[in-house]
Amino acid sequence: MVVLDACMVISFGNAGRLDLIDTLQLHRVCVSARARSEVVRDPACAAMEASIAAGRLCAERIDVQNPAEQESLQRFDARPAFRGRGDAEVLALAESRAYIVGSDERAMRSAVVAAWGAQRLAGTADFIVWAVREGRLLAEQAESVLGELDSGARILGQLRREGRDVQDLLARTDQ
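Residues numbered from 1 in each chain as written. Predicted model: local features only at pLDDT ≥ 70, side-chain atom pairs only at ≥ 80, totals over all residues. Heavy atoms only, no water.

> Looking at this structure, how should I read unusual backbone geometry?
Residues other than glycine predominantly adopt negative phi, and peptide bonds predominantly adopt the trans conformation. Pro43 follows Asp42 through a cis peptide bond whose omega is 10°. Structurally, the position occupied by Pro43 is in the loop between α3 (33–38) and α4 (44–53). Of note, the phi angle at Ala98 is positive, near 60°, even though the residue is not glycine. Taking relative accessible area as the criterion, Ala98 reaches 52% and is therefore assigned exposed. (Helix = DSSP H or I, 4+ residues; strand = E, 2+ residues; numbered from the N terminus. Buried < 20%, exposed > 50% of the residue type's maximum accessible area, 1.4 Å probe, protein only.)

> Before we go on, may I ask you to explain the nonpolar core in this structure?
Within the largest apolar cluster, 60 residues are counted, with the highest numbers of intra-cluster contacts made by Leu4, Phe12, Leu91, Val101, Phe127 and Ile128. Residue contributions to this core peak at seven residues, all from helix α8 (residues 124–133). With near-sequence residues (within four places) excluded, Leu91 lies in contact with Phe76, Phe82, Val101, Met108, Ala111, Val112 and Trp116. (Core = buried A, V, L, I, M, F, W, Y, C linked by side-chain atoms within 4.5 Å. Contact = heavy atoms within 4.5 Å.)

> Looking at this structure, I do not really get α8. What am I missing?
An α-helix turns once per 3.6 residues; consequently, residues spaced three or four apart project the same way. α8 sits mainly inside the fold: nine of its 10 residues count as buried. For α8, the full list of buried residues reads Thr124, Ala125, Asp126, Phe127, Ile128, Val129, Trp130, Ala131 and Val132. Taken from the residues just after α8, Gly135 is the one with a positive phi, measuring 75°.

The values reported here are purely geometric and, on their own, carry no functional implication.
Structure (C-alpha cells):
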C-alpha cells in the first residue's frame, strides 16, 4: 500500500493526472484522512473525491482503538515539521502498517529515508516511471506530464544538471 500526502494528491489532481496514481497496478493507494482534509481546492479536491467514490483511491485513518497506531501518531505529531498536519498521520500509517509513503516534500522524504529506508518512499518520478512501465502513460508523454506537475520542474532541472533526460529516468532499474 502507498499512502499519499496532500501535496502529492494536489500536484497530480491539479494537473488532471490523478489517474497516474489511482490506477497504479503495482500497489494499492490511499490518502490519509488528515491529508484528505487538507485537499480543499478544485480541481484536486474534485479529482480526489471522484477517485475515492469510484473505489480507485481509499482514505485511511489511524485506528483509535490501536494503542501502537495512536502512539505512532503522537510521536509524529510531536515533531514541529508535522504537528497537526496530514503528514503526521501519513508517517504514522506508514510506520504502523509498513506502507510506502508517497511524497515529494523534503521533510517527509528525509523522515522516511531515516526511519525505514528509500525503498519505503515514492515520489512524482516513481509514479511516472510506474505509469510508463505499466503501459498507462506513453514514454513520449512523460516529459510533458512532468512539466505539468508541481515537482516536475525540479525533477527535470535535476536531470538536466546531471546530464540526463527523462529517458534515463524511465530506464532506471531500481523501481
